[in-house]
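In case you want the letters, here they are:
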Amino acid sequence: MSCKIVVGMPVYNEASALPKLFVKLERLYIKLGDSLHLVFVDDGSTDQTRTLLSDFTGKFPGACLLVHEANRGLGEAMNTMFGHMVRHYEDRDILVTLDADNTHDPNLIMAMVRKLKNEQLDLVIASRFAPGGQELGLPLLRKLYSRGARLFFRLLFPIDGVNDYSSGFRAYTAGIIRKAIREYHGRLITLSGFACTAEIIAKLGRVGVKAGEVPLTLEYFLKEGRSKMNVKQTVAGYFRLVRAVSLPSAETGPEFTGVPEQSGEQRT
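As the structure is a prediction and not an experimental result, all values here were calculated from the model.

Draft legend 1. Quick look at the pattern of salt bridges. Under the definition given, this model contains nine salt bridges. Glutamate 76 is the partner of arginine 72 in a salt bridge, and the nearest nitrogen-oxygen pair spans 3.6 Å. Residue class for arginine 72 comes out partly exposed when judged on its relative accessible area of 24%. A salt bridge links arginine 128 to aspartate 164; its shortest N-O distance comes to 2.8 Å. Note that arginine 128 is positioned in the loop between strand E5 (123–127) and strand E6 (134–136) and aspartate 164 in the loop between helix H5 (140–156) and strand E7 (170–173), a separation of 36 residues in sequence. Aspartate 164 carries the same exposure label as arginine 128, and that label is buried. Taken together, the shared-partner salt bridges connect Asp42, Arg50 and Glu69 into one network.

See the structure below:
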């Protein structure tokens, strides 16, 4: 039975990078056809991002744009995307998340989907730390930081098949997202910044995710503009993970009835 492949991208002030990304997505559509869907979450951009996204999604089959009127952070953008996924797609469908800053190559999506299907996994991560993975153009301090984070997470939240906890380039089944949201009573993601990428992985580990990786060449030199990651804030978020990842009590947690529409979310 065929499945839909949904490429989901949180976006904040990426007007300079989007035209190149659009070209890559159009090439991906040639390979996948109507099984390819696109979901953009504009998280309160103040440049021309929303205009570019609106024009592109209006012309691209199976594409939609979800809008936060104000910037709410990566965590809330991912909550919006996950909520859309479980409301509109079936368990067998696949969500692939990637950064919209042109550092993640959509050409890798086919290999990620094949591995997920062939090995019957719930999650595949495009990993810098898988054999054959590499980082091009990443500053030395960021390399040291990412390796420290890797050690931290492997010690506290070990998951078979996972080495890269902070890569946002991932393929998930809609089924594992739905299961995790249910287990966490509708609030899978509670951290607002870049630490949410590790929070998602750690919580999926708590619900029994079957995971694997494919090698990622992170092309950081292609990034337009400065990084939006606040390192101090992200590290502080990592230390809050220990409490955030604990499963809610079945006796005290609220009953889960589905993912509500996000407050302030608009669809165009």
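Draft legend 2. Seen up close, the packing of aromatic side chains. Per the stated rule, a full pass over the model turns up eight aromatic pairs. Taken together, a centroid distance of 5.5 Å and an interplanar angle of 25° make the contact between phenylalanine 153 and tyrosine 165 stacked. Residue phenylalanine 153 is located in helix H5, and its partner tyrosine 165 is located in the loop between H5 and E7; the two are separated by twelve residues in the primary sequence. This pair shows no difference in class: phenylalanine 153 is buried, exactly as tyrosine 165 is. One aromatic cluster in this structure is built from Phe22, Tyr29, Phe40, Phe56 and Phe60. Above the ring of tyrosine 184, the side-chain terminus of lysine 203 is found at 4.7 Å from the ring centroid.

Draft legend 3. Geometry of the packing of helix H3 (residues 74–88) against helix H7 (residues 196–206). At a closest axis distance of 9 Å, the pairing of H3 and H7 adopts a crossing angle of 50°. Considered as vectors, H3 and H7 are oriented oblique to each other. Contacts between H3 and H7 involve Leu74, Gly75, Met78 and Phe82 from the former and Cys196, Thr197 and Ile200 from the latter.

Draft legend 4. Spatial organisation of the pairing of E5. For E5, a buried count of five out of five residues is recorded, marking the element as mostly surrounded by other parts of the structure. Burial along E5 is two-sided: Leu123, Ile125 and Ser127 facing one way and Val124 and Ala126 facing the other are all buried. Bridge analysis of E5 against E7 gives three bridges, and the strand direction is antiparallel. Across the sheet, residue valine 124 finds its bridge partner in E7, namely alanine 171.

Draft legend 5. A look at the side chain of threonine 57. By the element assignment, threonine 57 lies in helix H2 (residues 49–59). Judged by its relative accessible area of 8%, threonine 57 is buried. A distance of 2.8 Å separates a polar side-chain atom of threonine 57 from the backbone oxygen of leucine 53. Apart from the residues lying within four places of it in its own chain, the contact partners of threonine 57 are Phe40, Ala63, Cys64 and Leu65.

Definitions and cut-offs
- Here the residue numbering is sequential within each chain, running from 1 through the sequence in written order.
- Local features in a predicted model are, by the rule used here, given only for residues with pLDDT of at least 70; side-chain atom pairs are given and counted only at 80 or more, and totals for whole chains, interfaces and linings are based on all residues.
- Computation of side-chain values: all heavy atoms of the structure, hydrogens and water removed.
- Salt bridges are defined by distance alone: a side-chain nitrogen of Lys or Arg within 4 Å of a carboxyl oxygen of Asp or Glu.
- Throughout, exposure labels follow a simple rule: accessible area from a 1.4 Å probe, protein chains only, divided by the maximum for the residue type, with under 20% read as buried, over 50% as exposed, and the rest as partly exposed.
- Under the scheme used here, helices are H or I runs from DSSP no shorter than 4 residues and strands are E runs no shorter than 2 residues, and both carry numbers assigned from the N terminus.
- Between 30 and 60 degrees the pair is tilted, below 30 it is stacked and above 60 it is edge-to-face, where a pair is any two Phe, Tyr or Trp rings, Trp via its six-membered ring, whose centres lie within 6.5 Å.
- Remark: a charge is flagged as sitting over a ring if the NZ atom of Lys or the CZ atom of Arg is within 6 Å of the ring centre and within 35 degrees of the ring normal.
- As a rule, the C-alpha atoms of each element are fitted with a line to give its axis, helices using only the stretch in contact, and angles between N-to-C directions run from 0 to 180 degrees.
- Here the angle decides the label: under 35 degrees means roughly parallel, over 145 means roughly antiparallel, 65 to 115 means roughly perpendicular, and every other value means oblique.
- Residues count as neighbours in contact if any of their non-hydrogen atoms are within 4.5 Å of one another.
- The pairing criterion for strands is at least two bridges between them, as found by DSSP.
- We call two N or O atoms a polar contact when they sit within 3.5 Å, provided that within protein one can donate a hydrogen and the other can accept it, with sequence-adjacent residues counted only if both atoms are side-chain atoms.

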